[in-house]
Amino acid sequence: MNLISRNLLLLALLMLALLPPAHASVANAPGANLEVSLVTYGPGETYWERFGHDAIELRDTASGEAINFNYGVFDFSEKNFLLNFARGRMHYLMDAAPSDLDERYYVEAGRSIIRQRLAMTADQAAALRDFLLWNLRPENAGYVYDYYVDNCTTRVRDALDKALGGVLESRLEARTGGMTYRQQTDRLMSAQPWLMLVLDLGLGTYADRPLDAWQESFLPEVLQAQLREVHVDDGHGGLRPLLQAEQLVSPNRLEAPPTAAPDLRLPLALAGLLLAALIVLARRWWPAGYAVFGTLYLLAAGLVGLLLLVLWTLTTHHSAWANANLLLFNPLAFLLLPTLWRSRRGYAASRFIDGVIAVQLLACMIAVLLHLLPGTVQQNQPWLLFALPCWLALAWSVRRHR
């Protein structure tokens, strides 16, 4: 549905809320007539669909009207969209659409649809409806998106928690999560390996902190699973399951993501050893190839370092701040390029370049020693295993005639 159609629907919903009760609809139905459900959509094929999606469905049992409220709308045509995206200032919107219209899109895309009907009192359902309609107003619909702490699922989760009086947060904070932000990201992006590697390389220590179930429910499928375990007050001093019913509306027809994150250590270690071996062998037998392999590595290391610095200092992508991979890949690599090309003709490195190499090797050692510190340590072992052989091979090759 385009933005114009969605705005018309929003206007219609707001107008219905002002009409007399004879015009039965979600907007003015009594709370006792409202059914509240969490609708979860499985991951899609496009990279921004890999994490899945969800929505709150409100259904008026008297009129049969059902509306999905979701927080996942963005507009590529927005002014400076790509620049804002790069800077970490992503503007998202809340919207609403008829449930059958939303479901039709996901069915055609082959993505699973699961509806979970929730046990809410009439007052809770009415309060949720009123909040969602308030949130739909143009002045309230926008928000600054964050991948992990303020996304389309955390907004849905928080709206449900608000209506339930904080029950969700109190229950889920008491449970430990299953994975970190990094592990969930690698797992869900593993179908696109190059993008997965770029994201893993760009994530800092923030992505490796232990999560509780509340924090990990930034993912639709995790929130869906957690709701099955939550119990709420039954009004008589006891507890009842929050989940009243669960329905598979449409099965998944796409390749499902793995249940665990891939272990990147072995493949990146082998890649690092292979590149290091090529540099060492080519240094002796193929000087032109040695220059090419070394140049490719140094350019990549320098450019990656610049990108990591930009993410840390010039953007609000806080999950990329203080990235220990800067010790492995940084702009110092650019200083070695002239020496690399001279070394293929037998010229030794200058004392200054010896110092640069020593600083880089010291940085690599610090990156290793960081893993001995207590507390949360950035899980960048795969990149350590890739970078160390390459730096050692380059250090040996440019200083070979010292």
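Residues numbered from 1 in each chain as written. Predicted model: local features only at pLDDT ≥ 70, side-chain atom pairs only at ≥ 80, totals over all residues. Heavy atoms only, no water.

1. Focus on helix α11 (residues 220-227)
The test is simple: Under the scheme applied here, a residue whose accessible area is under 20% of the maximum for its type counts as buried, over 50% as exposed, and between as partly exposed, the area being computed with a 1.4 Å probe on protein chains only. The helix and strand labels rest on DSSP assignments: H or I over at least four residues marks a helix, E over at least two residues marks a strand, and numbering proceeds from the N terminus.
Across the eight residues of α11, six count as buried, placing the element largely inside the fold. Burial in α11 covers these residues: Pro220, Val222, Leu223, Gln224, Gln226 and Leu227.

2. Some remarks on a nonpolar patch on the surface
This is how the line gets drawn: Two joining distances apply to patches: 9 Å for like charges and 5 Å for nonpolar side chains (Val, Leu, Ile, Met, Phe, Trp, Tyr), and every residue must have over 30% relative accessible area and no salt bridge. Areas reported here follow the Shrake-Rupley algorithm with a probe of radius 1.4 Å; residue values treat only the protein chains shown as occluding. Salt bridges are identified by distance alone: a Lys or Arg side-chain nitrogen within 4 Å of an Asp or Glu carboxyl oxygen.
Nonpolar side chains collect at one region of the surface, where Leu299, Leu303, Leu306, Leu309, Trp312 and Trp321 lie side by side and expose about 530 Å² of accessible area between them. In this fold, Leu309 is placed in helix α13 (residues 287-313). Looking at Leu309, the relative accessible area reads 33%, which means it is partly exposed.

3. Details of helix α8 (residues 181-189)
This is how the line gets drawn: The contact criterion used throughout is that any non-hydrogen atoms of two residues lie within 4.5 Å.
Of all the nine residues making up α8, eight are buried; the element is thus mostly covered by neighbouring parts of the structure. In this structure, the buried residues of α8 make contact with α9 (193-202), α10 (213-216) and α11.

4. Thoughts on the packing of helix α16 (residues 351-369) against helix α17 (residues 381-398)
For clarity, the cut-off: Where helices are involved, their axes are fitted lines through C-alpha atoms of the stretch in contact, as for all axes, and angles between N-to-C directions lie from 0 to 180°. Any angle that falls under 35 degrees is termed roughly parallel, while one over 145 is termed roughly antiparallel, one within 65 to 115 roughly perpendicular, and all others oblique. Crossing handedness is read from the near helix: turned anticlockwise from the far helix by less than a right angle, it gives a left-handed crossing, and turned clockwise, a right-handed one. Asp, Glu, Lys and Arg are counted as charged, while Ala, Val, Leu, Ile, Met, Phe, Trp, Tyr, Cys and Pro are counted as nonpolar; the rest, among them Gly, fall into the polar class.
Orientation of α16 relative to α17, taken along the N-to-C sense of each, is 160°, at an axis distance of 11 Å. Judged by the inter-axis angle, α16 sits roughly antiparallel to α17. Crossing of α16 against α17: the hand is left-handed. Residues Ile357, Gln360, Leu361, Cys364, Ala367 and Val368 of α16 touch α17, and the partners they reach there are Leu384, Leu388, Trp391, Leu392, Ala395 and Val398. Here the contact of α16 with α17 is composed, by residue class, of 11 nonpolar, one polar and no charged.

5. What about the environment of Glu103?
In this fold, Glu103 is placed in helix α3 (residues 99-109). Residue classification places Glu103 among the buried positions, given a relative accessible area of 13%. Setting aside residues no more than four positions away along its own chain, Glu103 makes contact with Glu57, Ile113, Arg115 and Val249.

6. Section: the sheet that holds strand β2 (residues 53-60)
Pairing between the strands of a sheet comes from backbone hydrogen bonds, and it takes one of two forms, parallel or antiparallel. Rules: One requirement defines pairing of two strands: DSSP has to find at least two bridges between them.
Read from one edge of the open sheet, seven strands run β6-β4-β3-β2-β1-β5-β9, paired in antiparallel fashion. Single-partner strands in this sheet number two, and they are β6 (142-145) and β9 (243-250). In this sheet, neighbouring strand axes are inclined to one another by 25° on average, regardless of whether the strands run parallel or antiparallel. Examined bridge by bridge, strand β4 (residues 90-98) and β6 share four bridges and lie antiparallel to one another. Note on β6: the bridge partner recorded for Tyr92 is Tyr143. Of the strands in this sheet, β1 (34-41), β2, β3 (66-73) and β4 are in contact with helix α4 (residues 122-136), which crosses β3 at around 50°. Its contacts with the sheet place α11 against β1, β2, β5 (113-118) and β9, and it is angled at close to 135° to β1.

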